[in-house]
Amino acid sequence: MTLLPEKNTYISSEELARQREFCTLCRELLYERFGEEPKAFVHTYGCQGNVADSERIKGQLAGMGFTFCETAEEADFVLFNTCAVREHAEARVFGNVGALKPIKESKNNNMIIALCGCMMQQEHIAEKIRKSYDYVNLVFGTFAVWRLPELMYDLLRRRKRVFDVREETGRIAEGIPTVRDRTFRAWLPIMYGCNNFCTYCIVPYVRGRERSRTPENVIAEAKELIASGAKEITLLGQNVNSYGKMAGFDTDFPKLLREINALSGDFIIRFMTSHPKDCSEELLLAMAECEKVERHLHLPFQSGSDRILKAMNRGYTAGKYRSLVQRARELMPRIELTSDVIVGFPGETREDFEQTLSLIKDVGFTSLFTFIYSPRKGTPAASMEDPVSDKEKGEWFRELLKVQEEIAADRCKNEVGKRYRVLIEDFDGEYLAGRTSGNVVIKIPSADGALVGEFAEARVTHAGNWTLSGEIVKL
C-alpha cells in the first residue's frame, strides 16, 4: 500500500454539478428497476467520522429518489459503511455481508448491495469481496464517496459490478447534500485524514493525509445547523488539534472553537478526537473561556509506558500527558477526561502494563475505551515481535477493566446532588436520557418523551458504575 502526497484541493463546482446530473439519471433507472420510491438501508460501523460520511451518502441517495428503511430485509439498496481500525470490526462486517446473501436471493437478485469506507480502501479486502462475495454489486473506498451518483449510474446502466477503490490524493467536497439522523444533534467534520502514522494504525493509509476545510466553510455549515435546530454540534477530525496546520490559512483549532462559540444561538459544542502531542495551552484556554464548549476532553493516551509510546510513534511521554491533565483541571476543575488505551502492544511487558495502570489511577478517567492490540496489515506494528500470549494479554485487560470500573464508580458517586443543564437525547418508553457537560449519561424517569431535543436542568439523584440517574429540576 502506497501513500500519495496530500495537498488541500477541492472538488470543483462543475464536478459536483455533474454528480447531481447523475442523481437525476439514477432516479429514472431506479424507477424502472424497483418502482416508485425505492428503499435504502444504510448501516455504519466505526467512528463518528463514518457516521458523518453516511449522512452525506444518504443525502446523495435521497437525491436519487430513495426513501430510507430500518432493516435490510425491506430494502432495495443496502449499504455498509465499514471500519478498518480493528480486526473484530472487520469480522462483523464479513459476517453481516454473508447474512445478506439469502435475503438477496429471496428478492430474485434484484437487491443492490454496496460496501464502502475504510475496509474497502484496503486492496486485500476489496479483492476478497471481489472473489468471495460475488453478490456484492458496488464497492468504493473513502476517496470516492462524493462520486457515488456516478458509480451508481454506471452500475445501473451496465448491470455489472462496480469497484472504485483506487488510491488517490484526498480532496474536499463541499456542498454534498446531507440527511441527518437527528436535527438537534449534528456532526460537523472540520478536517479529514491523518499525518501522525502511529505504528498500529491503518487510518492514514485509508483516509489519506490531513486536509482541513476552510474556516469559512465550517462556520457557514455551523450557522446552517443552528438555523435548522441543532442544539449540539460535535466537531470531527482524526486529530482536531492539528486543524489548519497544513492548509495555508491562519486559523488554528482554538481560534475556530472561539469563532463557533461566538455564533448566535442556544447550542453546545463538543469535539473529537484530540491528539496529546498537539494539545496546546491555547486549546485548553479556549475550552475554559468558551461557555458553549462542554467540559469534556477525549484525549487518547494509549499507553503509560514511555518505551511503548515511542514504539507506537505517539510523539509524547507519560509525563507530558500528566502535565496536560493537570493544566486542564487547573483551568476547568469540573472537566471530565476520557481516553483510549491499548493493552498488549507488541513487545509490551508486565512492567509497561503496570505503568499504564499507574497513569490510569493517577488521572482518574471518567471512562476508557479499552482494546487488546489488533494487528493491522500494512502497518509497522504488524511486523513487530509479539512474545506475550493472548491469554496473558486477556488477563491484563481484565485487570485494567477492574481498576477503571472502581475509578468510574467513585467518580459517579461524587456526582450525586450536582445539577447539570442537559440536552435530552432519547426516550426508551421509561427513561429520558441525556449527557452531562462531562459526557456522562444521565437517565431520568419519565412518562413520555416530550422533552427529547430540549434542554433541561437535571439533578443527579443516584450513581451507578457508569451512568447516573436523576430528576428534572426545571426546563
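Residues numbered from 1 in each chain as written. Predicted model: local features only at pLDDT ≥ 70, side-chain atom pairs only at ≥ 80, totals over all residues. Heavy atoms only, no water.

Trainee: Just checking my understanding: could you explain the overall build of the protein chain for this structure?
Mentor: When helices and strands are tallied, the protein chain shows 13 helices and 19 strands. Here the C-alpha atoms of the protein chain give a radius of gyration of 23 Å, agreeing with the 23 Å that 2.2 N^0.38 yields for 475 residues. Scored against the burial criterion, the 475 residues of the protein chain give a buried share of 54%. Taking the contacts inside the protein chain whose residues are at least 6 apart along the sequence as the reference set, 76% of them involve residues at least 24 apart. (Helix = DSSP H or I, 4+ residues; strand = E, 2+ residues; numbered from the N terminus. Rg over C-alpha atoms; globule rule 2.2 N^0.38 Å. Buried < 20%, exposed > 50% of the residue type's maximum accessible area, 1.4 Å probe, protein only. Contact = heavy atoms within 4.5 Å.)

Trainee: Would you mind going over the packing of aromatic side chains with me for this structure?
Mentor: For any pair of aromatic rings, geometry is given as the distance between the ring centres together with the angle between the planes. Scanning the model with the defined rule gives 15 aromatic pairs in all. Judged by centre distance (6.3 Å) and plane angle (45 degrees), the ring pair of Tyr-321 and Phe-365 falls under tilted. Separated by 44 residues along the polypeptide, Tyr-321 in helix α11 (residues 318-331) and Phe-365 in the loop between α12 (350-363) and β14 (367-372) bring together distant segments of the chain. Each member of the pair, Tyr-321 together with Phe-365, is buried. Taken together, Phe-301, Tyr-316, Tyr-321 and Phe-365 form an aromatic cluster joined through their ring pairs. Looking at Arg-421, its charged tip hangs above the ring of Phe-455, at a distance of 3.8 Å from the centre. (Phe/Tyr/Trp six-rings, centres within 6.5 Å; stacked < 30°, edge-to-face > 60°. Lys NZ or Arg CZ within 6 Å of the ring centre and 35° of its normal.)

Trainee: Before we go on, may I ask you to explain the environment of Val-218 in this structure?
Mentor: If you trace the backbone, Val-218 turns up in helix α7 (residues 215-227). The class of Val-218 is buried, set by a relative accessible area of 0%. Contacts of Val-218, omitting those with residues within four sequence positions, involve Leu-188, Ile-190, Arg-213, Tyr-243, Leu-256 and Ile-260.

Trainee: When you look at the sheet that holds strand β10 (residues 232-236) in this model, what are you seeing that I'm missing?
Mentor: Strand-to-strand pairing in sheets goes through backbone hydrogen bonds, with the strands running parallel or antiparallel. Sheet architecture is open: 3 strands sit in the order β7-β10-β11, paired in parallel fashion. Edge positions in the open sheet fall to β7 (185-189) and β11 (268-272), since each of these has one partner strand only. When strand polarity is set aside, the average angle formed by the axes of neighbouring strands in this sheet is 25 degrees. As judged from the 5 bridges shared by β7 and β10, these two strands associate in the parallel manner. Bridging from a neighbouring strand, Arg-185 pairs with Glu-232 of β10. The sheet contacts of helix α2 (residues 48-63) involve β7, β10 and β11, and relative to β7 the element is tilted by about 100 degrees. (Pairing = 2+ DSSP bridges. Axes fitted to C-alpha atoms, helices over the stretch in contact; angles between N-to-C directions.)

Trainee: Help me out: how do you make sense of the sheet that holds strand β12 (residues 296-298) in this one?
Mentor: Strands sit in the order β12-β13-β14 across an open sheet of 3 strands; the sheet is parallel. Taken across any chain shown, the strands that pair with only one partner, and hence form the sheet edges, are β12 and β14. Going across the sheet, the axis of each strand differs from the next one's by a mean of 10 degrees, ignoring polarity. Relative to strand β13 (residues 336-343), β12 runs parallel, the two sharing 3 bridges.

Trainee: So what exactly am I meant to see when it comes to the environment of Asp-53 here?
Mentor: Its location among the elements puts Asp-53 in helix α2. A relative accessible area of 14% means that Asp-53 is categorised as buried. With 93 residues separating them along the chain, Asp-53 and Trp-146 place their C-alpha atoms 9.6 Å apart. With near-sequence residues (within four places) excluded, Asp-53 lies in contact with Asn-81 and Arg-207.

Trainee: I keep staring at the pattern of salt bridges and nothing clicks. Help me out?
Mentor: If charged atoms from side chains of opposite charge come close, those side chains can pair. Counted under the stated rule, the structure contains 41 salt bridges. Between Asp-266 and Arg-421 there is a salt bridge; the shortest N-O distance is 2.7 Å. Here the residue Asp-266 occupies a position in the loop between α8 (253-261) and β11, and Arg-421 occupies one in strand β15 (residues 419-427), the gap between them amounting to 155 residues. Across the salt bridge formed by Glu-457 and Arg-419, the nearest N and O atoms sit 3.4 Å from each other. Remark: Arg-419 occurs in strand β15 and Glu-457 occurs in strand β18 (residues 455-463); sequence separation between them is 38 residues. Overall, the relative accessible area of 46% leaves Arg-419 in the partly exposed class. Within this structure, Glu-55, Arg-56, Glu-174, Arg-180, Arg-213 and Glu-221 form a network of salt bridges that share partners. (Salt bridge = Lys/Arg side-chain N within 4 Å of Asp/Glu carboxyl O.)

Trainee: Can you help me understand the side chain of Arg-147 in this one?
Mentor: Take Arg-147: it is sitting in the loop between β5 (138-140) and α5 (148-158). Those residues in contact with Arg-147 that lie beyond four places of it in its chain are Gln-19, Asp-164, Arg-166 and Glu-168.

Trainee: Is there a simple way to think about unusual backbone geometry in this case?
Mentor: Only a minority of non-glycine residues have a phi that is not negative, and only a minority of peptide bonds are not trans. In this model, Met-272 is joined to Thr-273 through a cis peptide bond whose omega is 5 degrees. The topology assignment puts Thr-273 in the loop between β11 and α9 (281-289). Phi at Phe-197 is positive, roughly 55 degrees, even though this residue is not glycine. By the secondary structure assignment, Phe-197 is in the loop between β8 (191-192) and α6 (203-207). Here Phe-197 falls in the partly exposed class, since its relative accessible area comes to 23%. In this structure, Gln-302 is a non-glycine residue whose phi angle is positive, near 70 degrees. Positionally, Gln-302 belongs in the loop between β12 and α10 (306-312).

Trainee: Looking at this structure, I do not really get the confidence of the model for the protein chain. What am I missing?
Mentor: For the protein chain, the average pLDDT comes to 94, and 98% of its residues sit at 70 or higher. Per-residue pLDDT stays below 50 along residues 1-6; that stretch engages in 20 contacts with residues further than four places along the chain or on separate chains. (pLDDT = per-residue confidence, 0-100.)

Trainee: Could you clarify how one ought to interpret α9 in this entry?
Mentor: The periodicity of an α-helix, 3.6 residues per turn, causes residues three or four positions apart to be oriented the same way. Listed as buried for α9 are Leu-283, Leu-284, Ala-286 and Met-287. Down the axis of α9, the sector holding all buried residues measures 160 degrees, keeping them to one side. Where α9 is buried, its residues contact α8, β11, β12 and α11. (Arc of directions from axis to C-beta.)

Trainee: Would you take a moment to explain the side chain of Glu-348 for this structure?
Mentor: By secondary structure assignment, the location of Glu-348 is in the loop between β13 and α12. No salt bridge is formed by the buried Glu-348; the nearest opposite charge belongs to Lys-393, separated by 7.4 Å. Within the structure, Glu-348 has its side chain in polar contact with the backbone nitrogen of Gly-344 (distance 2.8 Å). Setting aside residues up to four positions removed in sequence, Glu-348 forms contacts with Arg-307, Ile-308, Ile-342, Val-343, Phe-353, Thr-356, Val-388 and Trp-396. (Lys, Arg positive; Asp, Glu negative; His and termini not counted. Polar contact = N/O pair within 3.5 Å; in protein donor to acceptor, adjacent residues only side chain to side chain.)

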